[in-house]
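Structure at a glance
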Amino acid sequence: MSSLHDPRAHFILVPLVAQGHAIPMLDMARLLAERGARVSFITTPVNAARIEAIIDQVKESHLPIQFVILPFACAKAGLPDGCESFDLLPSIEYTKAMFEGTRVLQEPLELFLRELRPKPSCLIADMCNPWTMEVARKLRIPRIVFHGPSCFYLLCVHNMAMHGIFERVPDEFEPFLVPDLPCRVEVNKAQALGFATGPEWANFMQEMVVAESTADGIVINSYDDLEPWHIRSYQKAKGKKKVWSIGPLCLCNKDVTRKATRGNKASMDEHIITKWLETMEPGSVIYVNFGSSARTRPSQLIEIGCGLQASNRPFVWVIKGVELTPEIENWLSGGFEESTSSRGLIIRGWAPQMVILSHPAVGGFLTHCGWNSILESISAGVPMMTWPQFSDQFLNEKLIVDELRIGVAVGVKVPMSHVTDDGRVMVQREDVEKAVSRLMDGGENGEDRRMRVRELQEKAMKAMEGGGSSYVNMTRLIQYIMEHTNKEL
Ligand code: UDP
């Protein structure tokens, strides 16, 4: 595929081994390739098997994307065999080992890059892969950092760090105001940082800071019309380092087949799901899914189910394979599924989320506030019920509920990692029912929310079309890299 005189830009994409990070980078790969650049997408055996359908689609479309499957030495990383993605970890206790363990990809990546002729133009690496800094430096390849979260979150973390808040506020649950914002945003450290609050995370966090500060630029999955002030302020905060907002990346998936194959094989055929959705009134269905890695305890799942049942509205509820314990299966088959069969669809495992969200029958999304899920909901014009669980999600909730006013909060205050495993539930069935009725009821506030999210949907589409802000930023990114690479040679 590579030729000695290939004049095109060649991007090496190195995602974090987590679906919420790899999915947007796969979309980025397509967008870069559609704009004429060559792309090598770095993956591992287990992750490659999950995206087999995408690899086949790319081959058929003759897009210049190469999938490079590197070995992931789980034992060396201190991980159980086959744990090549965050969602496959046996428990939350392995999270740090996984973040640090991705370094096992450094050597095979370096070997692969050394062989490439001509030298690639640029490496775009997830912010959580700080070890790529050494690879790029050794091989003298320009490097861009990809930040997965909202720009609002990135700006808040930047401002908190600049004001030394993480050191000044010792108590994880002490509330403080995020400095230098035009609006009042109150959080605590546990909410702002999620699981990474302890001293054992300090080294890894510092590595990420250094990797970002030495990068040649930053790409973010957002668009100017969604968070104009935050993007401008973040660019200002980063000084000469360029920030390119090139999203929502998910909008590159136009047809159903592409929407249905993101991240993993769906556990239910998309046609069965759309056929079911077709039997429901437009805008009537609640969709419930907490992303790829958050896990919900059995007692909490039962509470969600009872809330949905009490809401008397149609729903599609995604329950992950790991959550389907014998207790949950017994509860589902012991009356719940039967009593809701006329208006409830349960998907056990991976769901084709974009297919569901973009169906006109869906009128609300109960989400954990993962940034991809939020962008997908906005891109489909669907308002949200917010139930943040960790990392950027509590701040994303503030953006959705308080600033953009396109969602209602379920009322969760404590990150998942801080909840003890004693069977207590964070959210009662009444809270779920209340949030559903607030979001789905046709009152003035509900109408305003729907109108606002549709306006943002339209603006998102415009941003990604030829001449739109994200489209233009992608052009600028490619141009910048080509100029930069030429100077290097
Ligand atoms: N996703 C999906 N089906 C599922 C669960 C998740 O397609 O059953 C996709 C979802 O559409 C999104 C990504 O996985 O693109 C999850 O990313 P997000 O940032 O929302 O959350 P995370 O998984 O990182 O917590």
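Source: prediction; values computed, not measured.

1. What about the site of the ligand?
Around the ligand sit 20 residues in total, of which Gly-20, Gly-291, Ser-292, Gly-370 and Ser-373 are the nearest. Among the elements of the structure, helix H1 (19–34), helix H17 (353–357) and helix H18 (371–379) are those that each provide at least two residues to the shell around the ligand. Along the lines of polarity and charge, the residues of the shell around the ligand split into 7 nonpolar, 11 polar and 2 charged. Looking at which domains feed residues into the shell around the ligand, each of domain 1 (10–252 + 463–488) and domain 2 (264–461) supplies at least three.

2. Here we look at the sheet that holds strand E5 (residues 143–147)
Here we have 7 strands laid out as an open sheet, ordered E3-E2-E1-E4-E5-E8-E9, and parallel in their pairing. The open sheet terminates on both sides in strands that have one partner only, identified here as strand E3 (65–69) and strand E9 (242–245). Averaged over all neighbouring strand pairs, the angle between strand axes comes to 25°, with direction disregarded. Here H1 sits on the sheet and contacts strand E1 (10–14), strand E2 (38–43), E3, strand E4 (122–126) and E5; the angle it forms with E2, its principal contact strand, is near 165°.

3. Things to note about helix H15 (residues 298–311)
Between its first and last C-alpha atoms H15 spans 20 Å; for 14 residues at 1.5 Å apiece the expected length is 20 Å, and the two agree. Those residues of H15 lying buried are Leu-301, Glu-303, Ile-304, Gly-305, Gly-307 and Leu-308. Structurally, H15 contributes buried residues whose contacts are with strand E10 (285–289), strand E11 (315–319), helix H16 (326–339), strand E12 (344–348) and helix H20 (429–440). Once H15 finishes, Asn-312 follows within two positions and takes phi at roughly 60°, a positive value.

4. Re the pairing of E11
For E11, the tally of buried residues reaches 5 of 5 residues, placing the bulk of the element in the interior. By the bridge criterion, 3 bridges tie E10 to E11 in an arrangement that is parallel. Pairing of Val-288 across the sheet is with Trp-317, part of E11. The parallel pair E10 and E11 is bridged by H15, and the resulting crossover is right-handed. Pairing analysis gives 5 bridges linking E11 to E12, with the strands arranged parallel. Note that in E12 the partner of Val-316 across the bridge is Leu-345.

5. Comments concerning the domain arrangement of the protein chain
As assigned here, the protein chain comprises domain 1 (10–252 + 463–488) and domain 2 (264–461). A C-alpha centroid distance of 26 Å is found between domain 1 and domain 2. With 34 residues of domain 1 at the interface, the matching set in domain 2 holds 30 residues. At 4 residues, the largest contribution of residues to the side of domain 1 that touches domain 2 is made by H1. Looking at side-chain class alone, the side of domain 1 that touches domain 2 contains 22 nonpolar, 8 polar and 4 charged residues.

6. Description of unusual backbone geometry
Here the residue pair Arg-117 and Pro-118 is connected by a cis peptide bond, since its omega of -5° sits within 30 degrees of zero. If you trace the backbone, Pro-118 turns up in the loop between helix H6 (106–115) and E4. The amide bond that connects Gly-247 to the next residue, Pro-248, takes the cis arrangement and shows omega of 0°. One can find Pro-248 in the loop between E9 and helix H13 (256–260). If you check the backbone angles, Arg-140 has positive phi at about 55° while not being a glycine. Counting through the fold element by element, Arg-140 comes out in the loop between helix H7 (132–139) and E5. Non-glycine residue Cys-369 carries a positive phi angle of around 75°. Judged by local crowding, Cys-369 falls into the buried class, with 31 C-beta atoms found within 10 Å.

7. Looking at the environment of Ile-69
Take Ile-69: it is sitting in strand E3. Along the sequence, Ile-69 and Cys-306 sit 237 residues apart, while their C-alpha atoms lie 44 Å from each other. Look past the residues within four positions of Ile-69 in its chain and what remains in contact with it is Thr-43, Thr-44, Pro-45 and Ala-48.

8. Quick notes on the sheet that holds strand E13 (residues 362–367)
The strands making up a sheet associate through hydrogen bonds between their backbones, and the pairing can be parallel or antiparallel. In spatial order, the strands read E12-E11-E10-E13-E14-E15; together these 6 strands make up an open sheet with parallel pairing. Among the strands making up the open sheet, the edge pair consists of E12 and strand E15 (407–409). Adjacent strand axes in the sheet meet at a mean angle of 20° when their direction is disregarded. Two strands pair when backbone bridges link them, and E10 and E13 are joined in this way by 5 bridges, in the parallel orientation. For Ile-286, the partnering residue across the bridge sits in E13 and is Gly-364.

9. Let's talk about the pairing of E1
Judged by how many residues are buried, E1 sits mostly within the fold: 5 of 5 residues are covered. What you see with E1 is no split at all: His-10, Ile-12 and Val-14 on one side and Phe-11 and Leu-13 on the other are buried throughout. As paired strands, E1 and E2 are joined by 4 bridges and run parallel to one another. Note on E2: the bridge partner recorded for Ile-12 is Ser-40. Read as a crossover between parallel neighbours, the route from E1 over H1 to E2 is right-handed.

Rules of the game
Residues numbered from 1 in each chain as written. Predicted model: local features only at pLDDT ≥ 70, side-chain atom pairs only at ≥ 80, totals over all residues. Near = placed C-beta within 6 Å. Helix = DSSP H or I, 4+ residues; strand = E, 2+ residues; numbered from the N terminus. Nonpolar A, V, L, I, M, F, W, Y, C, P; charged D, E, K, R; others polar. Domains from an automatic or database assignment. Pairing = 2+ DSSP bridges. Axes fitted to C-alpha atoms, helices over the stretch in contact; angles between N-to-C directions. Contact = placed C-beta atoms within 7 Å. Expected span 1.5 Å × (residues − 1). Buried ≥ 20, exposed ≤ 12 C-beta atoms within 10 Å, placed from the backbone. Right-handed = clockwise from strand over helix to strand, strands pointing away.

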